[in-house]
Amino acid sequence: MAVDDAGDITLASYEAGANLYAARPYVMGEAMVRYLARIAKLVDGGTILELGSGPGRDAEYLESLGVSVARTDGALAFVEMMRAEGFTAEVLEMRTGQFNGTYDAVVANAVLLHLRRDEFEFVARKSRGVVGAEGIFAFTVKRGDGTSWSKAKLGLPRHFTFWQEDQLRQVLGRSGWETLSIDAVVGPTADWLHVIARAN
């Protein structure tokens, strides 16, 4: 697989496997509950642009905490799924699509880990362009080194880029963000980094 095709292959896997992904049992862990609650508190009733909404579970929880979420996903299958449930959702391919509007935060849970490092920085810069002076950028990635491919969950190939805390701080700093917190979270199959940054 060519590196340049990684994002396209991963997106195609989500497109084909959206129903299977949505049907998997989902229990929001305590660390994620605390993380989303902190984001909602920082946003304080404002608006969030969510990248990679998937079936929309995080968006629903965030909205239960009093914020407004603009749901987007690169996979049309997920967008149609959310629309069928009565939500407004738009197709947004974060690598190539235009980020429009003004928001209090950009949130991406378990989404940016599919990007190459240069693509990640590009998305971080685009996200900075749609938030105000106190805007928030919150995302989760897998902790580690290098990259890998996996067919777990979908039985289809998905590309992953792993990150260390110092790497994220450097990229965020170059992209117009001040890192507020990076929390390491131990998971059953992988360790995660829960990141919150503020526009500077």
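Below is a short write-up of the structure.

Rules used in this analysis
- Residues numbered from 1 in each chain as written.
- Predicted model: local features only at pLDDT ≥ 70, side-chain atom pairs only at ≥ 80, totals over all residues.
- Heavy atoms only, no water.
- Axes fitted to C-alpha atoms, helices over the stretch in contact; angles between N-to-C directions.
- Helix = DSSP H or I, 4+ residues; strand = E, 2+ residues; numbered from the N terminus.
- Parallel < 35°, antiparallel > 145°, perpendicular 65-115°, else oblique.
- Left-handed = near helix turned anticlockwise from the far one by under 90°.
- Contact = heavy atoms within 4.5 Å.
- Nonpolar A, V, L, I, M, F, W, Y, C, P; charged D, E, K, R; others polar.
- Buried < 20%, exposed > 50% of the residue type's maximum accessible area, 1.4 Å probe, protein only.
- Arc of directions from axis to C-beta.
- Phe/Tyr/Trp six-rings, centres within 6.5 Å; stacked < 30°, edge-to-face > 60°.
- Pairing = 2+ DSSP bridges.

1. Let's talk about the packing of helix H2 (residues 30-43) against helix H3 (residues 57-64)
Stage number 1. Where H2 meets H3, the closest approach of the two axes is 10 Å, and the angle between their N-to-C directions is 55°. It follows that H2 is oblique to H3 by the angle criterion. Remark: the crossing between H2 and H3 carries right-handed chirality. Where H2 approaches H3, its residues Val 33, Leu 36 and Ala 40 are matched on the opposing element by Asp 58, Tyr 61 and Leu 62.
Stage number 2. Split into classes, the residues belonging to the contact of H2 with H3 amount to five nonpolar, no polar and one charged.

2. Observations concerning helix H6 (residues 165-174)
Stage number 1. Every buried residue belonging to H6 is among Leu 168, Val 171 and Leu 172, and all of these are buried. On an axial view of H6, the arc spanned by its buried residues comes to 100°, and they lie on one face.
Stage number 2. On its buried face, H6 is in contact with helix H5 (117-128), strand E5 (131-142), strand E8 (177-186) and strand E9 (191-199).
Stage number 3. Phi for Gly 176, located one or two positions after H6, is positive at around 95°.

3. Side note on the packing of aromatic side chains
Stage number 1. Inspection of every chain in the model, using the stated rule, returns seven aromatic pairs.
Stage number 2. Arranged with centres 6.3 Å apart and planes meeting at 50°, the rings of Tyr 14 and Phe 78 form a pair that is tilted. One end of the pair, Tyr 14, is in helix H1 (residues 6-23); the other, Phe 78, is in helix H4 (residues 76-84), with 64 residues separating them in the sequence. Of the two residues, Tyr 14 and Phe 78, both sit in the buried class.

4. As for the sheet that holds strand E1 (residues 47-50)
Stage number 1. Strand order across the open sheet formed by seven strands is E3-E2-E1-E4-E5-E9-E8, with mixed pairing between neighbours. Of all strands in the sheet, those bounded by a partner on one side alone are strand E3 (89-91) and E8. Within the sheet, the average angular offset between the axes of one strand and its neighbour, ignoring direction, is 20°.
Stage number 2. Across the face of the sheet, H2 comes into contact with E1, strand E4 (103-108), E5, E8 and E9 while running at roughly 5° to E9.
Stage number 3. Across the sheet, H6 lies against E5, E8 and E9, angled at about 155° from E8, the strand it touches most.

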